[in-house]
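As a plain string of letters, each chain reads:
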Amino acid sequence: MYRDTRAKVSLGAIRENTAEIRRLMPESAKLMAVVKADGYGHGSVASARAAAQGGADHLAVAYLEEALLLRSKGIELPILILAPIHPSEVMLAIRHQLMVTVTHAEWFRQMAPYREPLCKDNLRVHVKVDTGLGRIGLRTKEEWDELVPWLQWDFIDVDGFYTHFATSAREDTAFLRTQLAKFLEMKEWSRTSGIEARHYHCAGSNAALRFPELAMDMVRIGAALFGFYPEQLVSGIHLRPALSLYSRLIQVKQLRKGECIGYDNSYVAEEDEWIGTVPIGYGDGWSQSLQNTEMLVEGRRAQVVGKICMDQLMIRLDRSYEAGTEVVLIGSQREERVAITELALHAGTVSQEISTSLSSRVERIYKE
Ligand SMILES: *Cc1c(COP(=O)(O)O)cnc(C)c1O
């Protein structure tokens, strides 16, 4: 690519973060590396390989397409698809040895006619139960009882039984404990029905790092692979951010007091000021909600002024700089650092929304 704006992804960080998390988990627990949404914006294939080198046993993605991409690149680890697939796509899942999430008997009823009768391979499923996130999963004993006969079918291999927490980033653990209690109760349903899943699992990154005792048979780690975790709530581990983002000034000019910057005259110079233009905008996923955040130029902070445009934004500089001077949007420069968490806090979101939003127009450059 010819642009000055590029993201650097440290494969070493992903590999070492995975290994760090592995060390913190009980030895018997498997580590499922979640690389959905193109590896949280870091590249799913490269992230999956780095996580595997760091000790990941399984992978997970949200959608069938994402799993097929990993298989097409020669990745052979077991892969779980976290969102239900269309029942009519069952043979694709089997042919590519993908594990699917099931939540309801109705899915099996619709799937059955699509199973090719001569197919000798089993379908590996993970049953998803909803204990309080309210997203997907079965909730009642009646739904479970309806599902059981399908799970007893020879063709079905129950590899997992799982739930997902809603409040694992919150300091207050009351709701998490309620969800855990509900999960343990539902796990008993499975035992008493004679359905023994190979892996019972509930913890994503935050729950696993904060409470390794919740690891059970497997942890599903996404955010933390990339160094996103609530540092203030986690002890005994240090993870490194894998992503940094760079650009260069493409123009520098002096503005007189009272002159304007940006669409809708969204910024008016308070005094004579130096303004630099940086070639990144909301068309790259650098949202307008990042207006007023800061980036680094020669180790000094410079604030985004005016509305962020589709392809460019403007920053207020402390003096004149040459066009071509490097700008760090995420990462360190000299003694200063802009963490993705700082940007997320400003925009009222989470780090992974910023990383997944970076569009394909921003080239990812991989380094060890
Ligand atoms: C995305 C996702 C994860 C990974 O969560 P992180 O907080 O990023 O570790 C785990 N489980 C499910 C069901 C998910 O959808």
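Residues numbered from 1 in each chain as written. Predicted model: local features only at pLDDT ≥ 70, side-chain atom pairs only at ≥ 80, totals over all residues. Heavy atoms only, no water.

Phi at Asp264 is positive, roughly 65 degrees, even though this residue is not glycine. Tracing the sequence through the fold places Asp264 in the loop between strand 12 (260-261) and strand 13 (267-268). Located in the positive-phi region is Asn265, a residue other than glycine, with phi close to 50 degrees. Tracing the backbone shows Asn265 in the loop between strand 12 and strand 13. (Helix = DSSP H or I, 4+ residues; strand = E, 2+ residues; numbered from the N terminus.)

With that out of the way, let us pick up the site of the ligand. Close contacts around the ligand come from Val34, Lys36, Tyr40, Leu82, Lys128, Arg135, His164, Ser205, Arg220, Ile221, Gly222 and Ala223, and that covers them all. At 2.5 Å, a side-chain N or O of Tyr40 approaches an oxygen atom of the ligand. Arg135 is positioned with one of its side-chain polar atoms (N or O) 3.1 Å from an oxygen atom of the ligand. Across the complex, the protein chains shield 89% of the 390 Å² of accessible surface that the ligand would expose by itself. For the shell around the ligand, the elements supplying multiple residues, two or more each, are helix 2 (36-40) and strand 9 (218-221). (Near = heavy atom within 4 Å. Polar contact = N/O pair within 3.5 Å; in protein donor to acceptor, adjacent residues only side chain to side chain. Areas by Shrake-Rupley, 256 points an atom, 1.4 Å probe, with all protein chains shown as cover.)

Taken in spatial order, the eight strands line up as 8-7-6-5-4-3-2-9 in an open sheet, and their pairing is parallel. Every other strand in the sheet has two partners, leaving strand 8 (199-201) and strand 9 as the edge strands with one partner each. Taken pair by pair, the neighbouring strands of this sheet meet at an average axis angle of 30 degrees, ignoring direction. Relative to strand 5 (residues 98-102), strand 4 (residues 79-81) is paired through three bridges, and the arrangement is parallel. Of the residues in strand 5, the one forming a bridge with Leu80 is Met99. Helix 4 (residues 64-72) rests against strand 3 (58-61), strand 4 and strand 5 of the sheet, and its axis sits at about 165 degrees to strand 4. In the packing of helix 8 (residues 174-192) onto the sheet, contacts are made with strand 7 (156-162) and strand 8, and the angle to strand 7 comes to roughly 160 degrees. (Pairing = 2+ DSSP bridges. Axes fitted to C-alpha atoms, helices over the stretch in contact; angles between N-to-C directions. Contact = heavy atoms within 4.5 Å.)

On to the pattern of salt bridges. Overall, the coordinates contain 24 salt bridges when judged by the stated rule. Its salt-bridge partner being Arg3, residue Asp284 comes within 2.7 Å of it at the nearest N-O pair. You can see Asp284 sitting in the loop between strand 14 (273-278) and strand 15 (294-297) and its partner Arg3 sitting in the segment before strand 1 (6-10), a full 281 residues away along the chain. For Asp284, a relative accessible area of 0% puts it in the buried group. Ionic pairing is found between Arg139 and Asp130, a salt bridge with its closest N-O pair at 2.6 Å. Counted as one network, the salt bridges with shared partners bring together Arg3, Asp284, Asp311 and Arg361. (Salt bridge = Lys/Arg side-chain N within 4 Å of Asp/Glu carboxyl O. Buried < 20%, exposed > 50% of the residue type's maximum accessible area, 1.4 Å probe, protein only.)

Here the focus is the pairing of strand 5. Across the five residues of strand 5, five count as buried, placing the element largely inside the fold. Along strand 5, one buried face is formed by Leu98, Val100 and Val102 and the opposite face, lined by Met99 and Thr101, is buried too. The parallel pair strand 4 and strand 5 is bridged by helix 5 (residues 90-95), and the resulting crossover is right-handed. Sheet topology note: the strand 5/strand 6 (residues 123-128) ladder contains three bridges and is parallel. Following the sheet pairing, Val100 is matched in strand 6 by Val125. (Right-handed = clockwise from strand over helix to strand, strands pointing away.)

Tallying each qualifying case throughout the model produces eight aromatic pairs. Between Phe108 and Trp150, the aromatic rings sit 5.8 Å apart at their centres with planes inclined by 20 degrees, giving stacked as the arrangement. One end of the pair, Phe108, is in helix 6 (residues 105-111); the other, Trp150, is in helix 7 (residues 141-151), with 42 residues separating them in the sequence. By relative accessible area, Phe108 is classed as buried at 0%. For the pair Trp144 and Phe161, a centre-to-centre distance of 5.7 Å together with 80 degrees between the ring planes defines the contact as edge-to-face. (Phe/Tyr/Trp six-rings, centres within 6.5 Å; stacked < 30°, edge-to-face > 60°.)

Tracing the sequence through the fold places Asp172 in the loop between strand 7 and helix 8. Here Asp172 falls in the exposed class, since its relative accessible area comes to 51%. At 2.9 Å, the side chain of Asp172 forms a polar contact with the backbone nitrogen of Ala174.

This part is about the pairing of strand 9. Neither face of strand 9 is left uncovered, since the one carrying Met218 and Arg220 and the one carrying Val219 and Ile221 both have all their residues buried. Inspection of the sheet shows strand 2 (residues 30-34) paired to strand 9 by four bridges, in the parallel sense. From the neighbouring strand, Met32 faces strand 9, where its bridge partner is Arg220.

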